[in-house]
Every structure is written in C-alpha cells, then in structure tokens.
Amino acid sequence: MTLYEKYPLTITNSLSGKKERFEPLTPGFVGMYVCGPTVYNFVHLGNARTFLTFDTVSRYLRFLGYRVRYVRNITDVGHLESDADEGEDKIAKKARLEQLEPMEIVKRYTEDFHNVMRVFNILPPSIEPTATGHIVEQIRITQELINKGLAYDVNGSVYFDVKKYNATHNNSYGILSGRNIEELMESGRDLDSQEEKRDRRDFALWKKAAPQHIMRWPSPWGEGFPGWHIECTVMSTKYLGETFDIHGGGMDLKFPHHECEIAQATGANGKPPVRYWIHSNMLTVNGQKMSKSLGNSFLPSELFTGSHKLLDKGYSPMTVRFFMLQSHYSSTLDFSNEALQAAEKGYKKLNASLRTIKALSSAGGETGDTEIDKALISLVDECYSNMSDDFNTAKTLAVLFEMSSRINDMKSGNLPLKSVSAGVFETFKSAYIDFMEKVLGLEEESVQDNNLLDGTIQVLISLRKKARADKNFALSDKIRDDLKAIGVQLKDGKDGEITYSVE
Ligand code: AMP
Ligand code: ZN
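Description of the structure in this document. Every value quoted in this text rests on a predicted model; they were computed, and no experiment measured them.

What counts and what doesn't
Residues numbered from 1 in each chain as written. Chains lettered and ligands numbered in written order. Predicted model: local features only at pLDDT ≥ 70, side-chain atom pairs only at ≥ 80, totals over all residues. Heavy atoms only, no water. Axes fitted to C-alpha atoms, helices over the stretch in contact; angles between N-to-C directions. Helix = DSSP H or I, 4+ residues; strand = E, 2+ residues; numbered from the N terminus. Parallel < 35°, antiparallel > 145°, perpendicular 65-115°, else oblique. Contact = heavy atoms within 4.5 Å. Nonpolar A, V, L, I, M, F, W, Y, C, P; charged D, E, K, R; others polar. Salt bridge = Lys/Arg side-chain N within 4 Å of Asp/Glu carboxyl O. Buried < 20%, exposed > 50% of the residue type's maximum accessible area, 1.4 Å probe, protein only. Left-handed = near helix turned anticlockwise from the far one by under 90°.

### Observations regarding the packing of helix 5 (residues 135-147) against helix 9 (residues 254-269)
Helix packing geometry: the angle between the two helix axes and the distance between the axes.
Turning to step 1, where the next piece is worked out: Between helix 5 and helix 9, whose axes approach to 9 Å, the crossing angle comes to 70°. Taken together, helix 5 and helix 9 sit at an angle that is classed as roughly perpendicular. On helix 9, the residues touching Ile141, Glu144 and Leu145 of helix 5 are Gln264, Gly267 and Ala268.
Turning to step 2, where the next piece is worked out: Grouping the amino acids of the contact of helix 5 with helix 9 by side-chain chemistry returns three nonpolar, two polar and one charged.

What follows is the structure, given as structure tokens:
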C-alpha cells in the first residue's frame, strides 16, 4: 500500500468550492501548474507566500509517493498594467524607465526571484518555461480560436469572443470566479481598447504593438505581442497535457486570469484544462493586500535585516516560513510584529527538538508500554491525516508541538526511552524529522545557514546593482561598506557582475 492510498488526500477545489477526494488522471502521477511571477520587480513577501504554499503542496505530494511534474512559469512578456488589457507591458515599461533591454530587466528580476526562493527553502519546479520562449505556440492557439469562431481580429489585435463562447459552451464563462457579468462590465468601462471589443468581457489573445513598443513579434495579424492569459494555457497544456491535475496561483488571479484560461483552453481543445484549482490566499498588512502598487510591501531582505519601518527587528527565513505555515493557505494571513515574534519562539522550540531527536537513539525497548507506543504512533498518524486534509499545515504544526514535548520528555527521562519499542521509536523519529524538513521545509537553521548567507548576499547584490543603475551611489556604497564591516567583501567585475568573498 502506498502512502497516498493509506492517507488519501482531499483538496478544496476552487471550481466547486468544496473539498474533494484527490484522484490524479494517471495513477501515481501528478501534473501541477502554478502561475509564476512577472519579473519586472523585486519579489515581495506576499508573492513568497503564494510560492511557499505550492512548494508545500508539491513537497507533500512527493512525500506521499506521487511522481510530480511541477511547472511554474516566468512571465516575461504580456502582463499589462491593467487587467482590462490596458496600459503598458510591465516589463517593457520598466525597461523604458531604466533605459535597459527588456531581457536585462527579466534577467535581473528572475535572479532575484530565484535567490528569494532559495533563501526560503522553496524547491525549484520541474520545468520553468518562459512566455517569450513560447510565442509560436501562442500564435498557433490564437489562430485555432479564430478558426473555431471563438476569437476575432481588429486592427492587428485579437480578442476572445466571450458571447460566442457562452453560446457554444453552456454559458460557462464565469464558472470559476462566479462573478456576475454586470460587475465585470462595470470594471471595464471607458477604457480605450474596449472600443475594439465586441463585448466588454472579451479579452486580448494578441495585442498589436504600438510603434514605440519594444517587445514585438511578427504574427498573421501584424507585429505584436501575446496576451497574458494565453501564455499560461500554452505552457501548462504543452508540458502537462490538454487536461491536467492541479492548477494553482494566488487568489487574486482567479479573475480574470484563470477564468480566461479556462475559457480559451476549453474553446481550443474541447475539454476543461484543469481538474483541481487551488488558490492561495493573500498576505495582508493591517487587513490590506500586500502589493507593490499599494506601497505596503516589503522585500525579504528587509525582513531579514529588520530595516523596514514596519518591522521591530529582523527575522530569519525559517521563522518567516514557520509564520506562513501556521495559517492554512486558504485564509488570509495578516503580517504583524507580534505574530512574527511568536513564530520565532515557536520555530526555535521545534528546531531544538529536531536537533534533540537526531541525537537520540532507541534504547532497544521491545515490550514497551503499549499505551505509550500507541500514543506516539497516533501522533505520527495525525501528521499525515492533517496534511492529507487539504494540506493543513497549521494543524500539522500543532501536532509537531505535541511531538516536540514528547521529545523533550524523552531527553529529560520523563518518558524513558526503554518504554518505547524500537520500531515505534524509529517511526516517530523519522516522522518528526521528515515532516519538519521534507514536508514543511523547516530545515535546521544551521544547515540552512550557508544557503541563507549566500541567498541574502545575492539579494543585497541585486539591490546594489539596482542602486547603481539608479545612480543612487550613496546606497550602493552603503551596501558595500556595511557588508565589508561584517566581513563580506564585494568584488565588481568588468561586465557589471558582482561576486563576493567572506573573510
Ligand atoms: P505577480 O508577480 O504580481 O504576477 O504575482 C506573483 C504571484 O504572487 C501571483 O500568484 C499572485 O497571486 C501572488 N501574490 C501577489 N500579491 C500577493 C499577496 N499579497 N499575498 C499572497 N500572494 C500574492
Ligand atoms: Zn498564469
């Protein structure tokens, strides 16, 4: 019996709004797609929460014994400033403002993203495709939708025809978000590109590039660039098949992004693309979504150093990871200093027990007290059943605290090791270590220290490059001098690259 048969998984499917028993299309194999970042800016802590959620999902699926193909894209073109197909492309705009090539922007912020992921011990996906690497496929599917009468071109742009889709697909536009059409039409009022659309709900598959637009590709409709939603349809179905198991992303992507993905993929392939939709809720600050545009976001590096005005002090990445895992992914999580301080204490306690249990060995008990054995095994069972219950990390941590108390009792002698049978001790020990490290990614901080040091320095190097590009030499010098003061020497290469050595 495999672990996934022993502890069957349930997932709250955003499509039905209900908890459903998870059954992958191919037994033993899970295909999962998660919308990745738009790489036009530094990753903030809110973004990190979403990627942490899906890191935990993919870790647990693997832990249960599934083979997982995890695809997480990089959006490097097509994400406009407004969801109503208006405004500049975010990357093109940043390139214009910083007088760089768009691909220089993409490289800089992709590197930052990877560094932040590494610092938080978020494992890399199996495939990390980019939107610009899949232009041909995006053109092809757009043409298919035109051929099927589900899209139309106007002045070099192509739009998806929602009315036509509804007429031919059981009125199903809106099945994911359940947003009412009046409301949608309200939000799209008075915008330029609405004039080209037959219906306010229509969305761009391809946009004509204005003469000054730098990111452009030839297409049957003239020079332009792809819409944001179509890239995810192309990259998910290319690597996972026309229908795949899990699609994830932040709650804010449900509408319009994921709604549009469902419509265009169903329109093109004649079947719904995704079986289980998972949406991770927002990290908030005083109840407001953390976001770059609201100005209430902070960077992981500011969190580690405590240099942001909202922070009383700095916190380690594992403390922050623990803080995020303490709430279920479907609830909003409000940032506060008090919560982080409590998380720091909590994480330290679990981490200390991790060290303790690694050093403990069985006393070879054979005929131990069965009540003790049963109680220990039942804690192990609870770890599985809580994680299998819609990835409930909050409840799993509560069980790990129970286990941590038992570990302390073992150490102090209150729970004599001789009274635990050898097999039960080994099961208990490996479950504690595995749920901490493999499932929740809460590695011992000393093991993490090297990754942390390197990741944090890389994040500071990115900031220094940015400061130099902005001609903010006071800041770029401060970063170099402050690092030097603590023994980290930065070296500027001829090509603008910065390396470092630790004295
Ligand atoms: P973006 O780079 O803006 O496309 O966002 C990347 C990912 O981060 C998306 O899945 C968003 O849903 C997610 N995200 C953005 N802001 C937050 C937040 N405050 N809390 C949690 N996730 C967020
Ligand atoms: Zn997406």
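### Points about the pattern of salt bridges
Turning to step 1, where the next piece is worked out: Within this structure, the stated rule accounts for 31 salt bridges.
Turning to step 2, where the next piece is worked out: Residue Glu444 is joined to Lys358 by a salt bridge in which the shortest nitrogen-to-oxygen separation is 2.8 Å. With Glu444 in the loop between helix 15 (422-439) and helix 16 (445-469) and Lys358 in helix 12 (residues 337-359), this residue pair connects regions lying 86 residues apart in the sequence.
Turning to step 3, where the next piece is worked out: Its relative accessible area of 34% is what places Lys358 among the partly exposed residues.
Turning to step 4, where the next piece is worked out: What you see here is one network of salt bridges that share partners, running through Lys94, Glu98, Arg108, Lys466 and Asp470.

### Some points on the packing of helix 12 against helix 15
Turning to step 1, where the next piece is worked out: Where helix 12 meets helix 15, the closest approach of the two axes is 10 Å, and the angle between their N-to-C directions is 140°. By the criterion of interaxial angle, the relationship of helix 12 to helix 15 is oblique. Note that helix 12 runs across helix 15; the crossing there is left-handed. Along the contact surface, helix 12 presents Leu350, Asn351, Ser353, Leu354, Ile357 and Lys358, while helix 15 presents Phe425, Phe428, Lys429, Tyr432, Ile433, Met436 and Glu437.
Turning to step 2, where the next piece is worked out: Broken down by class, the residue content of the contact of helix 12 with helix 15 amounts to eight nonpolar, two polar and three charged.

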